[in-house]
Amino acid sequence: MTTTNNILKLWGHISKRRHIQFYILLALMVLASLTEIISIGAVIPFLGVITTPEQMYQNSTIQPAIEILEIGGPKQLLFPITIAFIFAALLAGSVRLLLLYVSTKLSYSTGADLSIEIYRRTLYQEYSIHVGRNSSEVINGVITKTSGVIGGVIAPTLTLISSVFIMVAIVSALFVIDVTIAFSAIAGFASIYWGVILLTKKKLLENSDCIAKQSTQMIKALQEGLGGIRDILIDGTQHFYCQLYRDADIPLRHASAKNTFINGSPRYVIESIGMVLIALLAYSVSLREGGLTATIPFLGALALGAQRLLPALQQAYSAYSTIKGTSASFKDVLDLLDQPLPNYVYQPFQESIKFENEIELRNASFHYEKESPWILKNINLKIKKGACVGIVGATGSGKSTLIDIIMGLLPLTQGELKLDNQLIGNENKRAWQRHIAHVPQNIFLSDSPIEENIAFGIPKEKINHKRVEESAQKAQLSEVIEGWKDGYKTLVGERGVRISGGQRQRIGIARALYKKADVLIFDEATSALDSKTEQDVMRSIEALGGGLTILIIAHRVTTLKGCNQIIKLDENKMINVLSYEEIINEIDNR
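What counts and how
- Residues numbered from 1 in each chain as written.
- Predicted model: local features only at pLDDT ≥ 70, side-chain atom pairs only at ≥ 80, totals over all residues.
- Heavy atoms only, no water.
- Patch = residues over 30% accessible without salt bridge, like charges linked within 9 Å, V, L, I, M, F, W, Y side chains within 5 Å.
- Areas by Shrake-Rupley, 256 points an atom, 1.4 Å probe, with all protein chains shown as cover.
- Salt bridge = Lys/Arg side-chain N within 4 Å of Asp/Glu carboxyl O.
- Helix = DSSP H or I, 4+ residues; strand = E, 2+ residues; numbered from the N terminus.
- 1 Å grid on protein atoms, 1.4 Å probe; cavity = no way out; pocket = protein on both sides within 12 Å on 5 of 7 lines; lining within 4 Å.
- Points joined across faces, edges and corners; volume = space filled by probe spheres on them.
- Nonpolar A, V, L, I, M, F, W, Y, C, P; charged D, E, K, R; others polar.
- Core = buried A, V, L, I, M, F, W, Y, C linked by side-chain atoms within 4.5 Å.
- Buried < 20%, exposed > 50% of the residue type's maximum accessible area, 1.4 Å probe, protein only.
- Phe/Tyr/Trp six-rings, centres within 6.5 Å; stacked < 30°, edge-to-face > 60°.
- Lys NZ or Arg CZ within 6 Å of the ring centre and 35° of its normal.
- Axes fitted to C-alpha atoms, helices over the stretch in contact; angles between N-to-C directions.
- Parallel < 35°, antiparallel > 145°, perpendicular 65-115°, else oblique.
- Contact = heavy atoms within 4.5 Å.

A. Region of interest: a nonpolar patch on the surface. A surface patch of nonpolar side chains, about 430 Å² in accessible area, is lined by F79, I83, I86 and L90. Tracing the backbone shows L90 in helix 6 (residues 78-123).

Structure follows, in structure tokens:
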């Protein structure tokens, strides 16, 4: 029941366009099942005209066709009935091939829709949610587990439905031919598969949990190993990370292998039993009145029906076991699809809110959870437009949290964030964030040209090259770029490995300026630089001016020499607003 509910839940996440395509596919399944009936039914006249042509010629059912084709005797029946049988066989095969193509294409198209939707919903989640979970879980969900749902849920569900239609059609045809024999065969095969389902159900679910868990651990081991490659090479800890990967990979492969065996193994048992059953059917039918010759057409139809029925039964069972074996990953994918989207996603584009006077925090307090300690407590702060404000404090004092609150990334637990005396909340947060550009300590750079990294997030064809050059010039980066062979087309390498730390920070500044933001926030943006490079970058920041409001988090107080005021966070989660001279005097008097 849970699996059925999950499939219905997934159906709710599929677009209306795909719904229509699935209904068309359902009609194609009905057509395929009808062609199966025709192909099985065509065996009887075909074998009949070969073994007893006179009897077939006198059959009342085909008399209308004999009159239309003007057939003069039993021998003339062979050619048209042979053509009809070949046509029925080719038609059934063609329709099933078309069904396979359409169902496969639709499965993977739907999988792409789901993967894109998961990524979209994930990117729109609140910052606090991103902070609280491991990125490997999301990456695994978007890529690996979504692919697993395509091959493990969507495609098998379509196969299961198709197989059920075909089985119903074949069974109906067999019941028309011989009720007793058809019922005996169906009951026997169904009992075997039902027994296998009961025996393997628990193991499939256990393997499913193992695959879902270990696939996430594999992604985590890869991310950590490749992300910390410098330290790994220096420390020689390759064996440790290889072991982490091995500990996740081997159980996953073993669980997958067990599921594959469970999926395919009943086929060989059923095929053996099927051969025995067909032999017994042939024997029992040959004992009937008229002997073997008279019953060959019916025996041929039954044999063909069984030959078509067994693969359909195996496909249905394999589809069922595959869905069960993917149930844990399926649930994880549904959880990602159920992520709520913020209201502003459905609202018209919000223009920037007016910012003319000040940013204010009033009685602001924050903690991540009810049980966790306060990060900030009863903060009251005003930042004037055009000011350059430094933020200092011991590690863990809440500097970055304060900045995240000002940027609207973290909602206050208590208190208010105001802009020109207007309360900032979920409904106008995006309008406020249009003012802001953030320059972190570790600038994210994609492996693409300098100009694309400056105009980050802008489609290549929409980049304003003049604005890129102006932003680079203000960030004191233009001379360096123009000195390179490829200029603004120079590739920076993955994570900017081909350029220096100072150049990376200047790209971050240029990126902020390209956005035309009037509030620039530097979160320890120079702490990883040497003193000279830091001084050069700070001169670039101080030279910006032009009515920009600048907030700078820094470890070194000397970094903040050009600031109008400095906010110091103390161990009591409170703040003091001081001048640069007061901070220096405080340090000297310790």
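Having seen the structure, we can now continue with the description.
B. Spatial organisation of the layout of surface pockets. When its volume is computed, the largest pocket comes out at roughly 2,300 Å³. Forming the boundary of the largest pocket are 48 residues, of which L409, R430, H438, F456 and K515 lie nearest the centre. Secondary structure elements with two or more residues in the lining of the largest pocket: helix 6, helix 7 (127-131), helix 8 (135-177), helix 15 (429-433), strand 6 (436-440) and helix 19 (501-514). Counted by class, the lining of the largest pocket contains 25 nonpolar, 13 polar and 10 charged residues.

C. Representation of the nonpolar core. The biggest cluster of nonpolar side chains holds 40 residues, and the ones touching the most others in it are I454, I507, L520, F522, I550 and I552. No other element matches the six residues that helix 19 contributes to this core. Counting residues in each nonpolar core, the second largest holds 34 residues, with L361, A364, I379 and L412 among its members.

D. Structural context of the environment of V557. Mapped onto the secondary structure, V557 falls in the loop between strand 8 (549-553) and strand 9 (565-569). As a C-alpha pair, V557 and V392 span 165 residues in sequence and 7.3 Å in three-dimensional space.

E. Structural context of the pattern of salt bridges. One pass over the structure, following the stated rule, counts 14 salt bridges. Among the salt bridges present, the one from K418 reaches E416, with a minimum N-O distance of 3.7 Å. Notably, a salt bridge pairs E452 with K460, separated by 3.9 Å at the nearest N-O pair. By relative accessible area, K460 is classed as exposed at 57%.

F. Layout of the packing of aromatic side chains. Scanning the model with the defined rule gives five aromatic pairs in all. With centroids separated by 6.0 Å and ring planes inclined at 85 degrees, the aromatic side chains of F355 and W432 adopt a geometry described as edge-to-face. Of this pair, F355 sits in the loop between helix 13 (327-337) and strand 1 (358-366) while W432 is found in helix 15, placing the two residues 77 residues apart along the sequence. For the residue pair F355 and W432, the accessibility class agrees, reading buried in each case. Counting every residue linked through ring pairs, the aromatic cluster contains W11, F22 and Y23. The positively charged end of K385 is found above the aromatic ring belonging to F355, 4.7 Å away from the centroid. Above the plane of the ring of F456 lies R511, whose end atom (NZ or CZ) is 4.3 Å from the centre.

G. Examining the packing of helix 6 against helix 13 more closely. In the contact formed by helix 6 and helix 13, the axes pass within 8 Å of each other and the chain directions differ by 55 degrees. For the element pair helix 6 / helix 13, the angle class is oblique. Two secondary-structure elements touch here, helix 6 through L114, E117, I118 and R121 and helix 13 through V333, L336 and L337. Of the residues that constitute the contact of helix 6 with helix 13, the class distribution is five nonpolar, no polar and two charged.

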